[in-house]
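What the coordinates show
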Amino acid sequence: MNANHAEKSPKPHLLIYAHYYHPDVASTGQILRELAEGLLGQFSITVICVVPSYGGVVGVDYVKKSFYFENINGVDVMRIRVPGFDKTNKLSRIKNISAYFFRAMRATTRVGSVDYVYSISQPPILGGLLGVWGKWVKHAKYIYNIQDFNPEQTIATGYSKNQAILKMMLMADKFSCKRADKVIVVGRDMVETLRKRFLGKQMPTYAFINNWIDENEIYPLGQNEPRIVAFKQKYGLINHFILMYSGNLGLYYDLENLIKVLNAFPKGVKTLDGRDVIFAFIGAGSMKEKLVRYQKENRMENVLFIPYQSKADLNYSLNAADVHWCVSAKGIKGVSVPSKLYGIMAAGKPVLAVLESGSEARLILEETTCGLVSDPDDYVLFEQHIRWFIEHAGSEEVRNMGLRGRAYLVGKLTKDISIQKYGEEILACGASHGSRMAELIPHSRRGADEQQLLQAFSEVDAHPLWSRSSAQRSAFCIQPPWSPYYNWR
């Protein structure tokens, strides 16, 4: 990657902090790849992300150097080496995320001049702060895309109950919102959360743009399609009625309680057309081990766990199902939007949903009537909806649910529509303030408090985890965005 490539391009330079990027299967990584490639007509684009490691394992091709440079379909990609991690171990995840954060700060200085900085809310809190850092270092306009509100998500899932930490997280993310030239959220309910954060005070400039799925890559297929047949044969799904969950098996979906409802449908339950009912969970995440253990302890022989499918195979696995789950835990309304809904609709499949009233995904589902929905914690109604789908398997009514979802998506939620909106919103921020590296601040201009902050930063950066030389660390002796002397906006 040529650090000065942006100067040679007549197009404005957009820097994206992606955390995960292709080929990682994280939903945000896939969305950001399509966004970056879709904006190439308007921008010269650089992505900063980790080396492929979404599952926690770093491949042997990415363990020797601190940075790896690639070009993927016209997008310059700077990958950051990070330590592997265990999704069930908080400490290992903190080390992994911290390594990305500090090395991404360092990587920013290697990119060259930048006009616009775009960051998502991943990793939680740190993604926003990276955007602020990029804005300051590059004197660029900053667009903060909030895919998940934190600490609101952390509070909703009970992942942490330390009030001091949660308060600090909220202060930090509000700081990122205030420093952003534009905040983009992905749900109508998330606009309300943004308003609540500022309690009627001056809100940041914001826009709402739905996430998407590429409707040309995910589309309805007949069950005789050879690769669907092959998928079913591989996992023993031939002649079964399949209720599928496809995606992250994480904290935010109440899966540990919803799986208990499946005890009401043991092996041997059949549809009216004679197919055995089976529940398939595709994916991985922090809850998978717990779900697998529950399945084994309760001898749930018609509950199956399948690994993540590659993007090339995703259309076939999604189409293999008869019904898809789209679920969220209580408290996620206004905090996050389950992007899996777009893939289900694109495949033309009916939705078995558990979503809070007024949430973005539920609003879409109610507008399209493409499935059945119950409230979180209403396990009785969830069971009734499963039974309804089993009793109406193969009916025109079920088929039409899926077709309505596909028609709505093609009309209003396509990739091109959303990416065009992103391009317009980014350019609407105006020209940058210089697109150049910030000047190093003379030592004499730094106050005592700032000296302490910089010293603390240097000590963290010098930890063996980051493996940096003192010469490399010296490049960071510049005024940090959280400094009391940082006033440029």
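This text goes with the structure placed above it.
Residues numbered from 1 in each chain as written. Predicted model: local features only at pLDDT ≥ 70, side-chain atom pairs only at ≥ 80, totals over all residues. Heavy atoms only, no water.

Quick notes on the overall build of the chain
- Helix and strand counts for the chain come out as 18 helices and 14 strands.
- Across the 489 residues that make up the chain, the buried fraction comes to 58%.
- Of all intrachain contacts in the chain linking residues separated by at least 6 positions in sequence, the fraction that spans at least 24 positions is 76%.
- Carbon together with sulfur atoms contributes 53% to the accessible area of the chain, which is approximately 20,500 Å² in total. (Helix = DSSP H or I, 4+ residues; strand = E, 2+ residues; numbered from the N terminus. Buried < 20%, exposed > 50% of the residue type's maximum accessible area, 1.4 Å probe, protein only. Contact = heavy atoms within 4.5 Å. Areas by Shrake-Rupley, 256 points an atom, 1.4 Å probe, with all protein chains shown as cover.)

Points about the packing of aromatic side chains
- Per the counting criterion, the structure on display carries 19 aromatic pairs.
- Three or more aromatic residues joined by ring pairs form one cluster here, namely Tyr245, Tyr252, Tyr253, Phe281, Phe305, Trp325 and Phe382.
- Its end group placed over the ring of Phe198, Lys174 keeps NZ or CZ at 5.5 Å from the ring centre.
- Between Lys340 and the ring centre of Tyr253, over which it is positioned, the NZ or CZ distance is 4.5 Å. (Phe/Tyr/Trp six-rings, centres within 6.5 Å; stacked < 30°, edge-to-face > 60°. Lys NZ or Arg CZ within 6 Å of the ring centre and 35° of its normal.)

A word on helix α4 (residues 126–138)
- Between its terminal C-alpha atoms α4 stretches 18 Å, which fits the 18 Å expected from 13 residues at 1.5 Å a residue.
- Counting buried residues along α4, 12 of its 13 residues qualify, which places the element largely inside the surrounding structure.
- Looking only at α4, the buried set comprises Gly127, Gly128, Leu129, Leu130, Gly131, Val132, Trp133, Gly134, Lys135, Trp136, Val137 and Lys138.
- For α4, the secondary structure elements touched by its buried residues are β1 (13–19), α3 (90–108), β5 (116–120), β6 (141–146) and α6 (163–179). (Expected span 1.5 Å × (residues − 1).)

Topic: the layout of surface pockets
- The volume enclosed by the second largest pocket comes to roughly 450 Å³.
- Gln223, Asp322, Gly348, Lys349 and Arg399 are, among the 22 residues lining the second largest pocket, the residues nearest its centre.
- Of all the secondary-structure elements, those providing two or more residues to the lining of the second largest pocket are α11 (311–320) and α15 (396–412).
- Per-element tally for the lining of the second largest pocket: the top contributor is α15, with five residues.
- Across the lining of the second largest pocket, the residue classes break down as nine nonpolar, seven polar and six charged. (1 Å grid on protein atoms, 1.4 Å probe; cavity = no way out; pocket = protein on both sides within 12 Å on 5 of 7 lines; lining within 4 Å. Points joined across faces, edges and corners; volume = space filled by probe spheres on them. Nonpolar A, V, L, I, M, F, W, Y, C, P; charged D, E, K, R; others polar.)

A closer look at empty space enclosed by the protein
- A complete count under the given rule lists two cavities of 30 Å³ or more for this structure.
- Within this model, the largest cavity holds a volume of roughly 60 Å³.
- Considering the residues around the largest cavity, the lining is formed by Ser328, Ala329, Ile332, Lys333, Ser336, Pro338, Leu355, Glu356, Ser359 and Ala361.
- Here the lining of the largest cavity is built from residues that sort into five nonpolar, three polar and two charged.

Thoughts on the sheet that holds strand β9 (residues 240–246)
- One open sheet holds the six strands; their spatial order is β11-β10-β9-β12-β13-β14, and the pairing between them is parallel. Looking along the sheet, the strands with just one partner apiece sit at the ends: β11 (303–306) and β14 (371–374). In this sheet, neighbouring strand axes are inclined to one another by 20° on average, regardless of whether the strands run parallel or antiparallel.
- As judged from the two bridges shared by β9 and strand β12 (residues 323–327), these two strands associate in the parallel manner. Directly across from Leu243, in β12, lies its bridge partner Val323. (Pairing = 2+ DSSP bridges. Axes fitted to C-alpha atoms, helices over the stretch in contact; angles between N-to-C directions.)

A few points about the environment of Lys290
- Following the sequence through the fold, Lys290 ends up in helix α10 (residues 288–297).
- When its relative accessible area of 43% is taken as the criterion, Lys290 is described as partly exposed.
- It is 7.4 Å that separates the C-alpha atoms of Lys290 and Glu256, two residues lying 34 residues apart in sequence.

Quick word on the pairing of β11
- As defined by bridge partners, strand β10 (residues 276–282) adjoins β11 across four bridges and the pair is classed as parallel. Within β11, the position partnered with Ile282 by the bridge is Ile306.
- With α10 bridging β10 and the parallel β11, this β-α-β connection has right-handed handedness. (Right-handed = clockwise from strand over helix to strand, strands pointing away.)

Quick notes on α15
- The end-to-end C-alpha distance of α15 is 24 Å, a good match for the 24 Å that 17 residues give at a rise of 1.5 Å each.
- Every buried residue belonging to α15 is among Val398, Met401, Gly402, Gly405, Arg406, Tyr408 and Leu409, and all of these are buried. Angularly, the buried residues of α15 cover 165° about the axis, an arc narrow enough to put them on a single face.
- Elements that come into contact with the buried residues of α15 comprise α12 (340–346), α13 (360–368), β14 and α14 (379–391). (Arc of directions from axis to C-beta.)

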